[in-house]
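Structural overview for review
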Amino acid sequence: MNSLYKLDMDIQMFIEAAIQSSKDVDYSEKSEIRTHNQAIDCYRKIAKNIDANYPDRLSDFSMLLKHENVHVRLCCAICMIEFMSFSIEQKKRAIYTVQKYIDSTNDSIEKAGLNVWLKKQKHLLG
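Read on for a plain summary of the structure. (Residues numbered from 1 in each chain as written. Predicted model: local features only at pLDDT ≥ 70, side-chain atom pairs only at ≥ 80, totals over all residues. Heavy atoms only, no water.)

1. Things to note about the overall build of the protein chain
Counting its regular elements, the protein chain contains six helices and zero strands. Taking 14 Å as the expected radius of gyration for a compact globule of 126 residues, we find that the protein chain reaches 15 Å, a close match to that expectation. The proportion of buried residues among the 126 residues of the protein chain is 37%. By sequence separation, contacts in the protein chain at least 24 residues apart represent 55% of the contacts at least 6 residues apart. Entry remark: accessible area of the protein chain is about 7800 Å², with carbon and sulfur atoms responsible for 51%. (Helix = DSSP H or I, 4+ residues; strand = E, 2+ residues; numbered from the N terminus. Rg over C-alpha atoms; globule rule 2.2 N^0.38 Å. Buried < 20%, exposed > 50% of the residue type's maximum accessible area, 1.4 Å probe, protein only. Contact = heavy atoms within 4.5 Å. Areas by Shrake-Rupley, 256 points an atom, 1.4 Å probe, with all protein chains shown as cover.)

Structural data, given as structure tokens:
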């Protein structure tokens, strides 16, 4: 299989998993929690795989920061910041994407959690 085709497939699967992870979860339903957690595990694993196997094509992945779906942009940014081999400047662009999401969400719990996470990430980046 052509490696660029495989990369395209990985990016498409990342998008699908990011969208799946953004769906509302009824936390009283174990199956919904499991599906949500599997989607997060899936997109994180794909991002790590892209980082490891396509280091010269990371810019293709970072284009997801401009995706039409806000949750795809958020998941891309978080992966770029947490465990992908992007430059400090690129990670700062990803931080900006997370900040824009925080500023736009009405979910106070999500906002608080992301603010704590973002503060820690900014500290780690220096």
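2. Quick look at the pattern of salt bridges
It is possible for side chains of opposite charge to pair when their charged atoms get near one another. Taken as a whole and judged by the stated rule, the model has three salt bridges. The residue R44 makes a salt bridge to E82 at a minimum N-O spacing of 2.8 Å. Of this pair, R44 sits in helix α2 (residues 30–53) while E82 sits in helix α4 (residues 70–83), and the two are 38 residues apart along the sequence. The class of R44 is partly exposed, set by a relative accessible area of 25%. Given the relative accessible area of 31%, E82 is considered partly exposed. D60 is paired through a salt bridge with R57; the nearest N and O atoms lie 2.5 Å apart. On the basis of relative accessible area, R57 is assigned to the partly exposed category, the value being 27%. (Salt bridge = Lys/Arg side-chain N within 4 Å of Asp/Glu carboxyl O.)

3. Re the environment of I78
Its place among the elements puts I78 in helix α4. Of the residues examined, I78 reaches a relative accessible area of 13% and is grouped as buried. The spatial distance from the C-alpha of I78 to the C-alpha of A18 is 11 Å, given a sequence separation of 60 residues.

4. Let's talk about the packing of aromatic side chains
Each aromatic ring pair is summarised here by two numbers: the centre-to-centre distance and the angle between the ring planes. Considering all chains together, one arrives at two aromatic pairs under this definition. With 5.5 Å between their ring centres and 70° between their planes, F14 and Y43 make a pair best called edge-to-face. Taken together, the positions of F14 in helix α1 (residues 3–21) and Y43 in helix α2 put the pair 29 residues apart, joining distant regions of the chain. The two residues F14 and Y43 agree in class, both being buried. Seen in terms of ring centroids, F14 and F61 are 4.9 Å apart; in terms of plane orientation they differ by 80°. Their pairing is edge-to-face. Highlighted residues: F14 in helix α1 and F61 in helix α3 (residues 58–62), separated in sequence by 47 residues. An aromatic cluster is built from F14, Y43 and F61, whose rings are joined through pairwise contacts. Note that K48 overlies the ring of F83, its terminal NZ or CZ placed 4.8 Å from the centroid. (Phe/Tyr/Trp six-rings, centres within 6.5 Å; stacked < 30°, edge-to-face > 60°. Lys NZ or Arg CZ within 6 Å of the ring centre and 35° of its normal.)

5. Considerations on the packing of α1 against α2
Two elements in contact, α1 and α2, have axes whose closest approach is 8 Å; the angle formed by their N-to-C orientations is 150°. The orientation of α1 relative to α2 falls into the category roughly antiparallel. Relative to α2, α1 is oriented so that their crossing is left-handed. Contact residues: α1 offers L7, D10, I11, M13, F14, A17, A18, Q20 and S21, while α2 offers T35, H36, A39, I40, C42, Y43, I46, A47, N49 and I50. Along the lines of polarity and charge, the residues of the contact of α1 with α2 split into 13 nonpolar, five polar and one charged. (Axes fitted to C-alpha atoms, helices over the stretch in contact; angles between N-to-C directions. Parallel < 35°, antiparallel > 145°, perpendicular 65-115°, else oblique. Left-handed = near helix turned anticlockwise from the far one by under 90°. Nonpolar A, V, L, I, M, F, W, Y, C, P; charged D, E, K, R; others polar.)

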